Amino acid sequence: MAAPLVLVVLAAVTVRAALYRSSLAVFIAERVEVASPLNAWKRVVEGLALLDLGVSPYSGAIFHETPLIIYLFHFLIEYAELVFMITDVLTAVALYLAIQDFNKVVFKKQKLLIELDKYAPDVAELIQTPMEMHYIPLKVALFYLLNPYTVMSCVAKSTCAINNSVIAFFILATMKGSAFLSAVFLALATYQSLYPLTLFAPALLYLLQRQFIPVKLKSKSFWLYTMQYASLYLCSLVVIICLSFFLLNSWDFIPSVYGFILSVPDLTPNIGLFWYFFAEMFEHFSLFFVCVFQINVFFYTIPLAIKLKEHPVFFMFVQLAIISIFKSYPTVGDVALYMAFLPVWSHLYRFLRNIFILSCVLIFCSFLFPVLWHLWIYAGSANSNFYYAITLTFNIGQILLISDYFYAFLRREYYLTHGLHLTRQDGTEAMLVLK
Amino acid sequence: FQDQAEQFFRSGHTNNWAVLVCTSRFWFNYRHVANTLSVYRSVKRLGIPDSHIVLMLADDMACNPRNPKPATVFSHKNMELNVYGDDVEVDYRSYEVTVENFLRVLTGRIPPSTPRSKRLLSDDRSNILIYMTGHGGNGFLKFQDSEEITNVELADAFEQMWQKRRYNELLFIIDTCQGASMYERFYSPNIMALASSQVGEDSLSHQPDLGIGVHLMDRYTFYVLEFLEEIHPASQTNMNDLFQVCPKSLCVSTPGHRTDLFQRDPQNVLITDFFGSVRKVEITTETVSLDRDVAAFESKFSEEELATEPLKYAEQLPVAQIIHQKPKQKDWHPPGGFILGLWALIIMVFFKTYGIKHMKHVF
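Residues numbered from 1 in each chain as written. Chains lettered and ligands numbered in written order. Predicted model: local features only at pLDDT ≥ 70, side-chain atom pairs only at ≥ 80, totals over all residues. Heavy atoms only, no water.

The name that an unreviewed UniProt entry assigns to chain B is GPI-anchor transamidase, with the source organism given as Myiagra hebetior. Word for word, the UniProt comment on chain B under Subunit (unreviewed entry) is "Heteropentamer. Part of the GPI-anchor transamidase complex, consisting of PIGK, PIGT, PIGS, PIGU and GAA1. Interacts with GPAA1. Interacts with PIGT; this interaction, via a disulfide link, stabilizes the expression of GAA1 and PIGK and links them to PIGS." (UniProt positions renumbered as here; feature names shortened; annotations may be inferred.)

Chain A appears in an unreviewed UniProt entry as PIGU protein from Myiagra hebetior. In its Subcellular location (unreviewed entry) section, UniProt records this for chain A: "Endoplasmic reticulum membrane".

Okay, here's the thing in structure tokens:
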């Protein structure tokens, strides 16, 4: 499978290189949907320039990247385009390998459950076969590399690509079963942007599954493993943060990066939900609502963990989607990451109810974003409400997409254990309804 | 002792400034612009140069489309006296005449980009004449029909000026309805104030001109100007005479004045202390020899001059240097400890995952 992957990688690199040389690069780099205050490239350049002038880049509200990014780009700033292309390629390759491993696990588990007779007799058509699963890793890499969102993110040189690649490596490490590497990469991902903290739960569940430790609250081995993983994660996080202190010999980066992510002071419009609310809000309510909005990101972890404890990878997918919808400064690069996973659940296609409408909504909104931005900012004939409406629609589309997939997944699981043709107690046909 | 006492009664100022403000706009307030321009003319005639006058006119009567005689502003009926002329220097015109700008001019809290002509560059030896005219009420003066300045604000502005040592003595003249209310709240020293009417009285306009169609002057300013016509730079007329200008019979309103904050007796205050720019000249019969100092200064200068060659114009700007400048060298480097720590961690992680047995392949 290496050859098609290499072809895909070449195609992706060509597209990006072509776009870098064209005039679209400047246009895309300025778009607010692609570059947020957290990961815009010109802020990185500005921060490094400030550093050359002898001023801490964290003074003032320009630069919100972590010190490791300063270190990385201090040496690589002339090769920035190459760095971002390589990052994208690495992400795609990591996802490819991760999904390959995941497929093997899925297949093994399926075989085990068939032999244990856990499946109902008439679900033969629902069971995944190796034939159809063969091309899924390639499709995942393809979906990530050639997704217009990823291409735009790469051309804009938004450091979202680096965040995505760290998360991809974390996923790869988790799939391979290495708790240590997984904890290290998760710590790195959390250090970069705060929200991958919520991926701790699905990673833990997956690793527990791999070690065949049942998830029971009373089980001692469960708590032992959890403690080990949590301590690995926290230690690596502390080590990375302390190491960052030594770059500039100050703790300035903590309020600049994490304080900025959590308190959302910058209300530049983006594709998220925070900016409009807080532009309208009165001062004395803003703290309360900031807390409410931030809790919203972390809130779904526990219920999803309870519901999806047998299916941690799907949980990870849903969690990634929730992060990219509800985070304080989302960009299309974050959206691209969880969309890369959609081919993995392509067997759920028959249970998806709204996929046509949702894909239309997402595509139309993506086209309407720049149109309404132009109307609002340049033509002056619209106002922020128009842009916010498209933001809302886009996020509603994403949320409905995720909940559609969630429902389809649960439905398939139900059918697997209870059979495709459901009957009520009196023998008439029954239908599965989501309550 | 007589000299010292005389010194005490003479004003200690070395320069004169005038801030002349007309606060009304619209054609029917022609007379306020004419008032201000007339005072401007007198003050210029008596010696204060344009560089020391801040003239604020809220509207342009000379070029107003309703002016039957464009480029003129008359202060006398029958168009006897054109106070506009071609050497009027208006510093704040039209919408720039705002309360904020006025207070900024007075207190000197002006943005650095303001040109010199718009600044009141007075010091602690300056005598300032402040003349304001327009529409006012009990405790306020209306600016441009959209905002007001209150007597408290004005008093505070003068206090700021005093604390910043921006004036030696200040003469405040106001020609509006209920003008005396504007000087009620002053509390800074060395301020003398005159107003055209008391609280509750209106200041009336003097004479309409049927050719132009509006009133040309206000009564109080008209008679003040008549009075000022007889002043010349050497006259010894004092403030008490100014207080007698425009009695009730001529002005219909009762002019008021306030001198309790002023340290000198108004009798000893010359009109030209405020309206003119009279330099004090001390005549001495001593001779001072400058040759010695000039020679030393010249020799120092010639030494420095020998070192430099005259630059040609093209060479003064090192264009070749500028266009071929290399990008600045990066001055900042990550500290060694950080790099060491980071790579040590990375290597540790690598060996932890892949086992120690790979070490022998690396080394």
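Okay, back to it.
Let us look at the overall build of chain B. Counting its regular elements, chain B contains 13 helices and 10 strands. Within chain B, the proportion of its 363 residues that are buried is 46%. Here the analysis covers contacts within chain B between residues at least 6 apart in sequence; of these, 73% occur between residues at least 24 apart. (Helix = DSSP H or I, 4+ residues; strand = E, 2+ residues; numbered from the N terminus. Buried < 20%, exposed > 50% of the residue type's maximum accessible area, 1.4 Å probe, protein only. Contact = heavy atoms within 4.5 Å.)

Residues and elements named next belong to chain A. Where helix H8 (residues 148-155) meets helix H18 (residues 332-339), the closest approach of the two axes is 8 Å, and the angle between their N-to-C directions is 140°. With respect to each other, H8 and H18 are oriented oblique. Between H8 and H18 lies a crossing whose hand is left-handed. From H8, Tyr149, Thr150, Met152 and Ser153 reach across to H18, where they touch Val332, Gly333, Val335, Ala336 and Met339. Looking at the contact of H8 with H18 residue by residue, the classes come out as six nonpolar, three polar and no charged. (Axes fitted to C-alpha atoms, helices over the stretch in contact; angles between N-to-C directions. Parallel < 35°, antiparallel > 145°, perpendicular 65-115°, else oblique. Left-handed = near helix turned anticlockwise from the far one by under 90°. Nonpolar A, V, L, I, M, F, W, Y, C, P; charged D, E, K, R; others polar.)

Side chains of Val15, Leu142, Phe143 and Leu146 of chain A sit close together on the surface and give an oily, nonpolar patch of about 290 Å² of accessible area. The exposure class assigned to Phe143 of chain A is partly exposed, which follows from its relative accessible area of 38%. (Patch = residues over 30% accessible without salt bridge, like charges linked within 9 Å, V, L, I, M, F, W, Y side chains within 5 Å. Areas by Shrake-Rupley, 256 points an atom, 1.4 Å probe, with all protein chains shown as cover. Salt bridge = Lys/Arg side-chain N within 4 Å of Asp/Glu carboxyl O.)

What follows is about the sheet that holds strand E5 (residues 135-137) of chain B. Residue and element names in this part refer to chain B. If you walk across this open sheet you meet the three strands as E5-E6-E7, and the pairing is antiparallel. Each end of this open sheet is capped by a strand with a single partner; those strands are E5 and strand E7 (147-150). Strand-to-strand twist of the sheet, defined as the mean angle between neighbouring strand axes without regard to direction, takes the value 30°. As judged from the four bridges shared by strand E6 (residues 140-143) and E7, these two strands associate in the antiparallel manner. (Pairing = 2+ DSSP bridges.)

Looking now at the side chain of Asp59 of chain B. All names here are of chain B. One can find Asp59 in the loop between strand E2 (53-57) and strand E3 (92-93). It turns out Asp59 is buried and unbridged, and the closest side chain with the opposite charge, Arg25, is 4.0 Å from it. A distance of 2.8 Å separates a polar side-chain atom of Asp59 from the backbone nitrogen of Phe26. (Lys, Arg positive; Asp, Glu negative; His and termini not counted. Polar contact = N/O pair within 3.5 Å; in protein donor to acceptor, adjacent residues only side chain to side chain.)

Moving on to the interface of chain B and chain A. Between chain B and chain A, the contact holds 16 residues from the first and 20 residues from the second. Both faces combined, the contact of chain B with chain A buries some 1,700 Å², and carbon together with sulfur accounts for 78% of it. The interface formed by chain B and chain A holds zero salt bridges in total. If you look at where chain B meets chain A, you find one residue pair in polar contact (both at pLDDT 80 or more). The class makeup of the residues in the side of chain B that touches chain A is nine nonpolar, three polar and four charged. (Buried area = accessible area lost by both parts, 1.4 Å probe.)

Residues and elements named next belong to chain B. Here, the residues flagged by UniProt with the feature "active site" (unreviewed entry) are His135 and Cys177. Of the residues just listed, which span 43 residues, no C-alpha pair is farther apart than 6.4 Å, and they cluster in one region. Within the secondary structure, His135 is located in strand E5. Those residues in contact with His135, other than ones at most four positions away along the chain, are Thr23, Ser24, Asn29, Arg31, His32, Leu141, Lys142 and Thr176. Here Asn29 takes part through its side chain, which lies 2.8 Å from a polar atom of the side chain of His135. Among the secondary structure elements, Cys177 is positioned in the loop between strand E8 (169-175) and strand E9 (191-195).

Residue and element names in this part refer to chain B. With respect to topology, seven strands assemble into an open sheet ordered E3-E2-E1-E4-E8-E9-E10, the strand pairing being mixed. Single-partner strands in this sheet number two, and they are E3 and strand E10 (256-258). Pairing of E2 with E3, which is carried by two bridges, proceeds in the parallel orientation. Paired with Leu57 across the bridge in E3 is Arg93. Helix-sheet contacts for helix H2 (residues 30-45) involve strand E1 (15-22), E2, strand E4 (126-133) and E8, and the interaxial angle to E2 is about 165°.

Mapped onto the fold, Arg412 of chain A is located in helix H20 (residues 384-418). Those residues in contact with Arg412 of chain A that sit more than four places away from it in its chain are Gln110, Leu126, Ile127, Gln128, His347, Leu348 and Phe351 of chain A.

What the rule picks out here adds up to 54 aromatic pairs over all chains. Ring centres 5.5 Å apart and planes at 40° place the aromatic pair Phe200 of chain A and Tyr233 of chain A in the tilted group. Of this pair, Phe200 of chain A sits in helix H11 (residues 200-210) while Tyr233 of chain A is found in helix H12 (residues 220-248), placing the two residues 33 residues apart along the sequence. Neither residue differs from the other here; Phe200 of chain A and Tyr233 of chain A are each classed as buried. The ring of Tyr92 of chain B has Lys118 of chain B sitting right over it, with the charged end atom 5.3 Å from the ring centre. For Lys352 of chain B, the ring lying beneath its charged end belongs to Phe180 of chain A, and the centroid distance is 5.0 Å. (Phe/Tyr/Trp six-rings, centres within 6.5 Å; stacked < 30°, edge-to-face > 60°. Lys NZ or Arg CZ within 6 Å of the ring centre and 35° of its normal.)

Take the UniProt feature "transmembrane region" (unreviewed entry) in chain B next. Within this numbering scheme, the UniProt entry marks residues 332-351 of chain B as carrying the feature "transmembrane region" (unreviewed entry). Taken end to end, residues 332-351 of chain B is 80% helix and 0% strand, and its two terminal C-alpha atoms sit 31 Å from one another.

With that settled, the discussion passes to the state of the cysteines. Residue and element names in this part refer to chain B. Summed over all chains, the structure comprises one disulfide over all chains. The disulfide bridge from Cys246 ends at Cys251, spanning 1.4 Å between sulfur atoms. Measuring handedness by torsion sign, the sulfur bridge of Cys246 and Cys251 sits at about 85° and is right-handed. The residues Cys246 and Cys251 share a single accessibility class, namely buried. (Disulfide = S-S within 2.5 Å.)

Turning next to the nonpolar core. If you look at the biggest cluster of nonpolar residues, it comprises 160 residues, and the most contacted ones within it are Tyr229, Phe317 and Trp345 of chain A. Ignoring sequence-local partners within four residues, the contact set of Phe317 of chain A consists of Tyr338, Phe341, Leu342, Trp345, Ile402 and Tyr405 of chain A. By size, the runner-up hydrophobic cluster in this structure holds 53 residues, among which are Ala62, Ile212, Leu225 and Phe243 of chain B. (Core = buried A, V, L, I, M, F, W, Y, C linked by side-chain atoms within 4.5 Å.)

All right, on to the UniProt feature "transmembrane region" (unreviewed entry) in chain A then. Residues and elements named next belong to chain A. In this structure's numbering, the residues bearing the UniProt feature "transmembrane region" (unreviewed entry) are residues 68-99, 166-187, 193-209, 230-251, 257-278, 285-306, 351-373 and 385-407. Between the end C-alpha atoms of residues 193-209 there is a gap of 27 Å, over a span that is 59% helix and 0% strand. Helix makes up 55% of residues 257-278 and strand 0%. Its end C-alpha atoms lie 19 Å apart.

Turning next to the pairing of E1 of chain B. Consecutive residues of a regular strand have side chains that alternate between opposite faces of the sheet. Residues and elements named next belong to chain B. In terms of burial, E1 is a largely internal element, eight of the eight residues being buried. Here E1 shows no split at all, with Asn15, Trp17, Val19 and Val21 on one side and Asn16, Ala18, Leu20 and Cys22 on the other all buried. Pairing geometry for E1 and E4, over eight bridges, is parallel. Of the residues in E4, the one forming a bridge with Asn16 is Asn127. Relative to E2, E1 runs parallel, the two being bridged by five bridges. Counted as the bridge partner of Val21 is Met56 from E2. The β-α-β motif built from E1, the intervening H2 and the parallel element E2 has right-handed crossover chirality. (Right-handed = clockwise from strand over helix to strand, strands pointing away.)

H18 of chain A sits mainly inside the fold: eight of its eight residues count as buried. Of the residues making up H18 of chain A, those classed as buried are Val332, Gly333, Asp334, Val335, Ala336, Leu337, Tyr338 and Met339 of chain A.

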